[in-house]
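Structural overview
What follows is each chain in one-letter form.
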Amino acid sequence: MKVLALAASNSRKSINKTLVTYASEQLKELRDNVTVEVIDINDYELPLFSTDREEELGQPQLAHDFYNKIKSADGLIISFAEHNGSYTAAYKNLFDWVSRINIKVFQNKPSLFLSTSPGQGGASSVLKSAETSAPFFGAEIKGTLSIPSFFDNFDSDKNQLTNKNLNRKLCEVLINFHGLH
Ligand SMILES: Cc1cc2nc3c(=O)[nH]c(=O)nc-3n(C[C@H](O)[C@H](O)[C@H](O)COP(=O)(O)O)c2cc1C
């Protein structure tokens, strides 16, 4: 059983990448026969989408590569960074390109959506928006969790979600990640 994990951020120091990597490690501890590949959306950087560029470029290979990564996975974990209440431009740009291959970008994969930010909101606006639109894009949402105040709740030196209550909630969504056989 193969899980694909990514942060919807192109920041080199992405806290969402830290979170999704931590969640992936926890998932492997909690569940047998699970492998997780954590990818970086910087490896799928594309020109700024427009229909004009699409006419020039067609469907770029990197967009197909990203789409095929999702295709070959049995499940997805995505942790969303929030910029001004919404997706980061980098993630939205990649998503727009891939949506032209197939509007069902998530290809009916069981999915966990996470989010975090340094503030108390925990990027919950973008998480809500991703969750609400997920069925339209073919994601089967199996759980969501926002981690507020990342730097108060996650110890980067120990690589651990030190807030016990949040850690318990994360374990719950990972254990309930059904659809993964
Ligand atoms: C342009 C910009 C807009 C931001 N807007 C929000 C926001 O709306 N909500 C929020 O919680 N954090 C916001 N932040 C702070 C981000 O949550 C913070 O930079 C976080 O580290 C982003 O996640 P990442 O490290 O995974 O990229 C914003 C940051 C930037 C640079």
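Refer to the structure above for everything that follows.
Numbering of residues begins from 1 in every chain and follows the order in which that chain's sequence is written. For a predicted model such as this one, the threshold for reporting local features is a pLDDT of at least 70, and the threshold for listing and counting side-chain atom pairs is 80 or more; totals across whole chains, interfaces and linings nevertheless cover every residue.

With that settled, consider the site of the ligand. Using the backbone to place each C-beta atom, any residue with that atom within 6 Å of a molecule or strand is considered near it. The ligand sits among 16 residues. The nearest are Ser9, Ser14, Asn16, Ala81 and Ser117. Classifying every residue of the shell around the ligand by side-chain character gives 5 nonpolar, 10 polar and 1 charged. Note on residue categories: nonpolar means Ala, Val, Leu, Ile, Met, Phe, Trp, Tyr, Cys or Pro, charged means Asp, Glu, Lys or Arg, and polar means any other residue, Gly included.

Any two strands with at least two DSSP-identified bridges between them are counted as paired. Helix numbers and strand numbers start at the N terminus; a helix is a DSSP run of H or I with at least 4 residues, a strand a run of E with at least 2. Pairing in this open sheet of 5 strands is parallel, and the strands run β2-β1-β3-β4-β5 from one edge to the other. Both outer strands of the open sheet, β2 (35-39) and β5 (139-147), are each paired with one neighbouring strand and no more. On average, adjacent strands in this sheet sit at an angle of 20 degrees to one another, irrespective of strand direction. Sheet topology places strand β1 (residues 2-8) next to β2; 5 bridges connect them, and they run parallel. By the bridge assignment, Lys2 is partnered in β2 with Thr35. We call two residues in contact when the distance between their C-beta atoms, placed using the backbone, is within 7 Å. Here the axes come from fitting lines to C-alpha atoms, over the contacting stretch only for helices, and the angles between their N-to-C directions go from 0 to 180 degrees. Packing of helix α5 (residues 124-133) onto the sheet brings it into contact with β3 (75-80), β4 (109-116) and β5, and relative to β4 it is tilted by some 165 degrees. In this fold helix α7 (residues 164-175) packs onto β4 and β5, with an angle of close to 175 degrees to the strand it touches most, β5.

This part takes up the environment of Phe106. Secondary-structure assignment places Phe106 in the loop between α4 (89-99) and β4. Ignoring anything within four residues of it in the chain, the contact list for Phe106 reads Ile70, Leu76, Ser111, Ala134, Phe137, Gly138 and Ala139.

This part takes up the packing of helix α1 (residues 15-30) against α7. Interaxial distance between α1 and α7 falls to 10 Å at its minimum, and their mutual angle equals 60 degrees. The angle between α1 and α7 falls in the class oblique. Read as a crossing pair, α1 and α7 show a hand that is right-handed. The residues of α7 that touch α1, namely those facing Ala23, Gln26, Leu27 and Leu30, are Leu170, Cys171, Leu174 and Ile175. Per-class residue counts for the contact of α1 with α7 are 7 nonpolar, 1 polar and no charged. Angles below 35 degrees are treated as roughly parallel, those above 145 as roughly antiparallel, those between 65 and 115 as roughly perpendicular, and all remaining angles as oblique. Crossing handedness is read from the near helix: turned anticlockwise from the far helix by less than a right angle, it gives a left-handed crossing, and turned clockwise, a right-handed one.

With respect to the helices and strands, Leu170 occurs in helix α7. The sequence separation of Leu170 and Glu37 amounts to 133 residues, and the corresponding C-alpha distance is 19 Å. Those residues in contact with Leu170, other than ones at most four positions away along the chain, are Ala23, Gln26, Leu145 and Leu161.

Once C-beta atoms are placed from the backbone, each residue is buried if 20 or more other C-beta atoms lie within 10 Å of its own, exposed if 12 or fewer, and partly exposed for counts between those two. Of all 8 residues making up β4, 8 are buried, and the element is well covered by its neighbours. The two faces of β4 match: Lys109, Ser111, Phe113 and Ser115 on one face and Pro110, Leu112, Leu114 and Thr116 on the other face are all buried. In terms of strand pairing, β3 meets β4 through 5 bridges, oriented parallel. The residue of β4 that forms the bridge with Ile78 is Phe113. The crossover handedness rule: strands pointing away from the viewer, path from first strand over the helix to second strand clockwise, crossover right-handed. On the question of chirality, the crossover connecting β3 to the parallel β4 by way of α4 is right-handed.

Moving on, we get to unusual backbone geometry. At Gln107, a residue that is not glycine, the phi angle is positive and equals roughly 50 degrees. Take Gln107: it is sitting in the loop between α4 and β4. Even without glycine at this site, Asn159 takes up a positive phi of about 50 degrees. Structurally, the position occupied by Asn159 is in the loop between β6 (154-155) and β7 (160-161).

Quick look at the nonpolar core now. Within the largest apolar cluster, 48 residues are counted, with the highest numbers of intra-cluster contacts made by Leu6, Ala8, Val20, Ala23, Ile77, Phe80 and Leu114. When residues in this core are grouped by element, the largest group, 6 residues, is from β1. Once residues lying within four places of it in the same chain are set aside, the contact partners of Leu6 are Val20, Val38, Ile39, Ile41 and Ile78. Put simply, a nonpolar core is a cluster of buried Ala, Val, Leu, Ile, Met, Phe, Trp, Tyr and Cys residues tied together by C-beta atoms within 7 Å.

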